[in-house]
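What the coordinates show
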Amino acid sequence: MSTAPVSRATRSSARIALVTAAAALTAVTATACSTSSPHASDSAAAGSGSGKAIQVVAAENFWGSIASQLGGSHVKVTSIITNPATDPHDYEPTAADARTVAGAQYAIVNGIGYDAWADKLLASNPGSARTELKVGDLVGIKPGGNPHRWYSPDDVHQVIEKITTDYKKIDPADASYFDRQKTTFETKTLAGYNKLIADIKAKYAGTPIGASESIVTPLAEGLGLKMLTPETFLDAMSEGSDPTAKDKATIDQQIKNKKIKIYVYNSQNSTPDVQAQVKEAKAEGIPVATLTETLSPAGATFQQWQTTELQGIEQALAKATGK
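Residues numbered from 1 in each chain as written. Predicted model: local features only at pLDDT ≥ 70, side-chain atom pairs only at ≥ 80, totals over all residues. Heavy atoms only, no water.

Brief notes about the overall build of the protein chain
Within the protein chain, the regular secondary structure consists of 13 helices and 9 strands. Looking at the protein chain as a whole, 50% of its 323 residues qualify as buried. Partitioning the contacts of the protein chain with sequence separation of at least 6, the portion at a separation of at least 24 is 73%. (Helix = DSSP H or I, 4+ residues; strand = E, 2+ residues; numbered from the N terminus. Buried < 20%, exposed > 50% of the residue type's maximum accessible area, 1.4 Å probe, protein only. Contact = heavy atoms within 4.5 Å.)

Topic: the sheet that holds strand 7 (residues 226-227)
Spatially, the 4 strands line up as an open sheet ordered 7-6-8-9, and their pairing is parallel. At either margin of the open sheet sits one strand with a lone partner, and together these are strand 7 and strand 9 (288-291). Bridge analysis of strand 6 (residues 208-211) against strand 8 (residues 262-266) gives 3 bridges, and the strand direction is parallel. When the sheet's bridge partners are listed, Ile 209 is paired in strand 8 with Ile 262. The sheet contacts of helix 12 (residues 272-283) involve strand 8 and strand 9, and relative to strand 8 the element is tilted by about 155 degrees. (Pairing = 2+ DSSP bridges. Axes fitted to C-alpha atoms, helices over the stretch in contact; angles between N-to-C directions.)

Considerations on helix 4 (residues 116-124)
Spacing of three or four residues puts side chains on the same side of an α-helix, whose turn is 3.6 residues. Residues of helix 4 that are buried: Trp 117, Ala 118, Leu 121, Leu 122 and Ser 124. Down the axis, helix 4 shows its buried residues gathered within 165 degrees of arc, on one side only. (Arc of directions from axis to C-beta.)

Observations regarding the packing of helix 11 (residues 245-256) against helix 12
Where helix 11 meets helix 12, the closest approach of the two axes is 10 Å, and the angle between their N-to-C directions is 15 degrees. Relative to helix 12, the element helix 11 lies roughly parallel. Seen from above, helix 11 lies across helix 12 with right-handed handedness. Residues Lys 248, Ile 251, Asp 252, Ile 255 and Lys 256 of helix 11 form the contact with helix 12, whose own contacting residues are Asp 273, Gln 277, Glu 280 and Ala 281. (Parallel < 35°, antiparallel > 145°, perpendicular 65-115°, else oblique. Left-handed = near helix turned anticlockwise from the far one by under 90°.)

Some remarks on unusual backbone geometry
A cis amide bond links Ser 296 to the next residue, Pro 297, at an omega of 0 degrees. Examined against the element boundaries, Pro 297 turns out to sit in the loop between strand 9 and helix 13 (302-321). Its identity is not glycine, yet Ile 112 carries a phi of approximately 60 degrees, on the positive side. Summarising the element assignment, Ile 112 is placed in the loop between strand 4 (106-109) and helix 4. Accessibility expressed as a relative area gives 12% for Ile 112, which makes it buried. In this structure, Lys 258 takes a positive phi of about 50 degrees despite not being glycine.

Read these as geometric descriptors, not functional statements.
In C-alpha cells, the structure reads:
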C-alpha cells in the first residue's frame, strides 16, 4: 500500500491514455477467450450449456474469488489485482489487462472511485455482449462514499445474489447449476464466515474500537462495533493524505485513556502514524488486530482470508473484554 502523503486520486494520465489506446486496438482483434494472462485464473474452463465457459474478469481478486466459486466449472475468472503488495487505488493497467477486458463476457469492478482505472478499461472496450457489475452501484454507495464494500457482510451477500443472477442470464441453460453453486456457497462454504460475524455481533456489539483507516468501517458496522476513530483520520489514511494534528491527538488520548478496547489496522498500509498508534496501543495493553486490503496470501479464497481476520478480531475482543 502507498505510504506517501499523496492523494490516491492522482493518476498518470499519459499511462492511462497509452493503455486505453492499446485497449481500443485490442477490442478489434481480441477473441472471446483470452488464452494468456499474467494474472490469476481463479477457475478452470469447462463445458457449460453453450459448450464454453463464461469468460469473467474481476478488477480485484476478492470479488474474483467469489465469482469463481459461484461459477464453478462453468466460468473462467481472471482477476487483475492479485498481488498483496499492489495498491488497487493506484494500479496502472497493462496491455494484457486490456486484452482480458476486451475478451470478457462478464466484468466485475468495485466502483466508488476505488478502481477508476477499471472503469476506463471498460469504457475503452465497449461491447453489447458484455455484462458489467459495478458493486458500488449495486449496493447504493455513491462516489465519495466508503468503497471497501467487500468488508460489509450485507454487501457481500448482495454481490453473491447479483453474480448468480447475471450468470443465469448469460448462460440460461445452466441456471439450475448456478443456483446449486450459490446455495452451497452461502450455506456451506461461507458457514464459518457467517457464524463468526453472528457470534461477534451477539457477544461484542457496542464495543468501542479504534482503527487505522476507513477499510475497517464497513466491517465494524457489520459486527456491531462502535468506531471511535475520527472519520476524517480514517479517510485521510485510506486516501494516502496527511491526517490532521487534531485527529492524531484525539486518537492518542483515546489510546492513553483506554477509551477503545481494541485497535484494528491495515498491515498493507502501515504508515509511520499508524505504526506509532499500534506501538502505543500495545504499550497500553490494548489488543491489536490486523487485516489487509486484498487476499493475503494471494492464493487464499475469500472465505479463508476473511475468516482468519475475523478470528483475529474475535480473539482481540475476548482478550480486551474478558468475555
